[in-house]
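Residue-level structural notes
Each chain, written out:
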Amino acid sequence: MYELYKKNKIIIYMDSGLIAFVAVIGTTLSGILTTLFHSRCSSIQTPCISCKREIQHTKEEIQLKEKEIEIEEDIKKLEIENSIKK
(Lines give C-alpha, C1' and ligand atoms only; values in the text may rest on other atoms or scores of the structure.)
Protein backbone atom coordinates (compact mmCIF):
# COMPACT_ATOMS: atom_id res chain seq x y z
CA MET A 1 0.00 0.00 0.00
CA TYR A 2 1.13 3.53 -0.78
CA GLU A 3 0.44 6.65 1.20
CA LEU A 4 -0.80 9.33 -1.21
CA TYR A 5 -1.27 12.37 0.98
CA LYS A 6 -2.18 13.54 4.46
CA LYS A 7 -4.96 16.04 4.89
CA ASN A 8 -6.38 16.97 8.26
CA LYS A 9 -4.59 13.97 9.78
CA ILE A 10 -6.45 11.56 7.47
CA ILE A 11 -4.17 9.15 5.68
CA ILE A 12 -5.32 7.74 2.34
CA TYR A 13 -3.86 4.49 1.05
CA MET A 14 -4.13 3.00 -2.42
CA ASP A 15 -3.33 -0.53 -3.40
CA SER A 16 -0.71 -0.97 -6.15
CA GLY A 17 -3.25 -2.97 -8.17
CA LEU A 18 -5.62 -0.01 -8.22
CA ILE A 19 -2.82 2.31 -9.32
CA ALA A 20 -1.91 -0.10 -12.13
CA PHE A 21 -5.58 -0.35 -13.19
CA VAL A 22 -5.94 3.45 -13.37
CA ALA A 23 -2.68 3.68 -15.36
CA VAL A 24 -3.85 1.06 -17.88
CA ILE A 25 -7.24 2.74 -18.33
CA GLY A 26 -5.58 6.14 -18.81
CA THR A 27 -3.11 4.77 -21.35
CA THR A 28 -5.89 3.01 -23.27
CA LEU A 29 -8.07 6.10 -23.42
CA SER A 30 -5.11 8.20 -24.47
CA GLY A 31 -4.37 5.81 -27.35
CA ILE A 32 -7.99 5.82 -28.50
CA LEU A 33 -8.22 9.62 -28.43
CA THR A 34 -4.92 9.99 -30.28
CA THR A 35 -6.15 7.61 -32.97
CA LEU A 36 -9.42 9.51 -33.35
CA PHE A 37 -7.71 12.89 -33.61
CA HIS A 38 -5.19 11.71 -36.22
CA SER A 39 -7.72 9.68 -38.19
CA ARG A 40 -8.56 10.70 -41.76
CA CYS A 41 -12.13 9.41 -41.46
CA SER A 42 -14.97 11.87 -41.91
CA SER A 43 -17.45 9.63 -40.10
CA ILE A 44 -16.56 7.89 -36.85
CA GLN A 45 -18.82 5.34 -35.17
CA THR A 46 -17.98 3.49 -31.98
CA PRO A 47 -20.29 1.79 -29.46
CA CYS A 48 -20.52 4.96 -27.36
CA ILE A 49 -19.46 7.76 -29.76
CA SER A 50 -20.48 8.65 -33.30
CA CYS A 51 -19.73 11.84 -35.17
CA LYS A 52 -19.28 13.32 -38.62
CA ARG A 53 -16.51 15.83 -39.09
CA GLU A 54 -14.64 17.78 -41.72
CA ILE A 55 -11.15 16.47 -42.37
CA GLN A 56 -8.30 18.93 -41.94
CA HIS A 57 -6.20 18.98 -45.09
CA THR A 58 -2.42 19.08 -45.15
CA LYS A 59 -0.51 21.90 -46.86
CA GLU A 60 0.40 19.55 -49.71
CA GLU A 61 -3.25 18.66 -50.30
CA ILE A 62 -4.25 22.33 -50.34
CA GLN A 63 -1.45 23.20 -52.79
CA LEU A 64 -2.41 20.28 -55.04
CA LYS A 65 -6.05 21.40 -55.08
CA GLU A 66 -5.00 24.96 -55.96
CA LYS A 67 -2.87 23.65 -58.86
CA GLU A 68 -5.80 21.55 -60.10
CA ILE A 69 -8.01 24.64 -60.11
CA GLU A 70 -5.38 26.63 -62.02
CA ILE A 71 -5.05 23.85 -64.61
CA GLU A 72 -8.83 23.66 -65.05
CA GLU A 73 -8.99 27.44 -65.58
CA ASP A 74 -6.17 27.24 -68.14
CA ILE A 75 -7.97 24.45 -70.00
CA LYS A 76 -11.18 26.51 -70.12
CA LYS A 77 -9.27 29.52 -71.46
CA LEU A 78 -7.65 27.39 -74.17
CA GLU A 79 -11.00 25.89 -75.15
CA ILE A 80 -12.50 29.36 -75.46
CA GLU A 81 -9.55 30.57 -77.54
CA ASN A 82 -9.77 27.52 -79.82
CA SER A 83 -13.50 27.97 -80.30
CA ILE A 84 -12.99 31.65 -81.23
CA LYS A 85 -10.27 30.80 -83.79
CA LYS A 86 -12.52 28.30 -85.59
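Residues numbered from 1 in each chain as written. Predicted model: local features only at pLDDT ≥ 70, side-chain atom pairs only at ≥ 80, totals over all residues. Heavy atoms only, no water.

**Regarding the overall build of the protein**
A tally of helices and strands in the protein yields two helices and four strands. Ordered by position from the N terminus, the helices and strands of the protein form the series β-β-α-β-β-α. Taking contacts inside the protein between residues at least 6 apart in sequence as the whole, the part at least 24 apart equals 0%. When the accessible area of the protein is evaluated, it comes to approximately 8,400 Å², of which 60% is carbon and sulfur surface. (Helix = DSSP H or I, 4+ residues; strand = E, 2+ residues; numbered from the N terminus. Contact = heavy atoms within 4.5 Å. Areas by Shrake-Rupley, 256 points an atom, 1.4 Å probe, with all protein chains shown as cover.)

**What about a nonpolar patch on the surface?**
On the surface, L18, F21, V22, I25, L29 and I32 cluster together to form a nonpolar patch covering roughly 550 Å² of accessible area. Within the element layout of this structure, V22 appears in helix 1 (residues 16-38). (Patch = residues over 30% accessible without salt bridge, like charges linked within 9 Å, V, L, I, M, F, W, Y side chains within 5 Å. Salt bridge = Lys/Arg side-chain N within 4 Å of Asp/Glu carboxyl O.)

**Quick look at the environment of S50**
As for its position among the elements, S50 is in strand 4 (residues 50-52). Residues in contact with S50, not counting those within four places in the same chain, are I44 and Q45.

**Some remarks on a negative patch on the surface**
A contiguous patch of negative charge, built from E66, E68, E70, E72, E73 and D74, is present on the exposed surface. Summarising the element assignment, E70 is placed in helix 2 (residues 59-85). Residue E70 is classed as partly exposed on the basis of its relative accessible area, which comes to 48%. (Lys, Arg positive; Asp, Glu negative; His and termini not counted. Charge placed at Lys NZ, Arg CZ, Asp CG, Glu CD. Buried < 20%, exposed > 50% of the residue type's maximum accessible area, 1.4 Å probe, protein only.)

**Details of the confidence of the model for the protein**
Counting all residues, the mean pLDDT for the protein is 78, and 81% of those residues have values of 70 or more. Element-level pLDDT for the protein is lowest in strand 1 (residues 2-7), with a mean of 51, against a maximum mean of 87 in helix 2. (pLDDT = per-residue confidence, 0-100.)

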